Amino acid sequence: MADTAPTIPRRSPLSHAADRLAAATRTSGGAVRLAELPFLAQVNVRLDAKGAAADAVGLALGLQLPLEPNTVVRVGELTAVWLGPDEWLVVGPTGGQRDLESRIRAASGDEPVAVTDVSAQRTTLLVTGPRARDLLAHGCPLDLHPRIFRAGCCAQTTLARTQIVLVARDEPKAGFWVLVRSSFAGYLTDWLLDAAAEYV
């Protein structure tokens, strides 16, 4: 029997704000660029960083899980974000979460590991441009000076009183990822747009 269930197109948490984000980018004259990166694969991994599974998972993914606190390792389309001594967030291309999960589980073998698809939990805002750090500094308690929060750094912090994971991207002029829970994404976007009005 054919599957007759209706297919519902996916809507990102910020699909309604795409035009406003693009408009803010245009009116800032290049000072800031704001955009949503919807539907990135996000897989939370918990394991013993000193155990055999850590190396095996790194080999399976083609990148080593970062062991230095608040750092990021990126290889190709995959990014591993340090969240704690035994916790990482692996971010990959849209639709890749099942593949990531299966590769991590297979590589860990009998070692204790927790692998959770959290792709629907958060969306990702891209904040770039020469004034990106200034914009984020309006509402973030961290010292975002590039000598302190340099490319390849990450932190669980707040922005406009909203819990986020902030990632300083390591590609040239790549700016920042702001990973925010879907339920707070609209509020945080409104805040960013209001703060970005300074650069119009």
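Structure's up top.
Keep in mind it's a predicted model, so treat the numbers as computed, not measured. (Residues numbered from 1 in each chain as written. Predicted model: local features only at pLDDT ≥ 70, side-chain atom pairs only at ≥ 80, totals over all residues. Heavy atoms only, no water.)

## Some remarks on the sheet that holds strand 9 (residues 162-168)
- With antiparallel pairing, five strands are arranged side by side in an open sheet as 1-7-10-9-8. Single-partner strands in this sheet number two, and they are strand 1 (33-37) and strand 8 (154-159). The average angle at which neighbouring strand axes cross in this sheet is 30°, direction not considered.
- Across five bridges, strand 9 lies against strand 10 (residues 176-181) in antiparallel orientation. Considered in strand 10, the bridge of V167 is made with W177.
- This element, helix 1 (residues 18-27), spans strand 1 and strand 7 (122-128) of the sheet and lies at about 155° to strand 1.
- Across the sheet, helix 5 (residues 182-196) lies against strand 1, strand 7, strand 8, strand 9 and strand 10, angled at about 135° from strand 10, the strand it touches most. (Pairing = 2+ DSSP bridges. Helix = DSSP H or I, 4+ residues; strand = E, 2+ residues; numbered from the N terminus. Axes fitted to C-alpha atoms, helices over the stretch in contact; angles between N-to-C directions. Contact = heavy atoms within 4.5 Å.)

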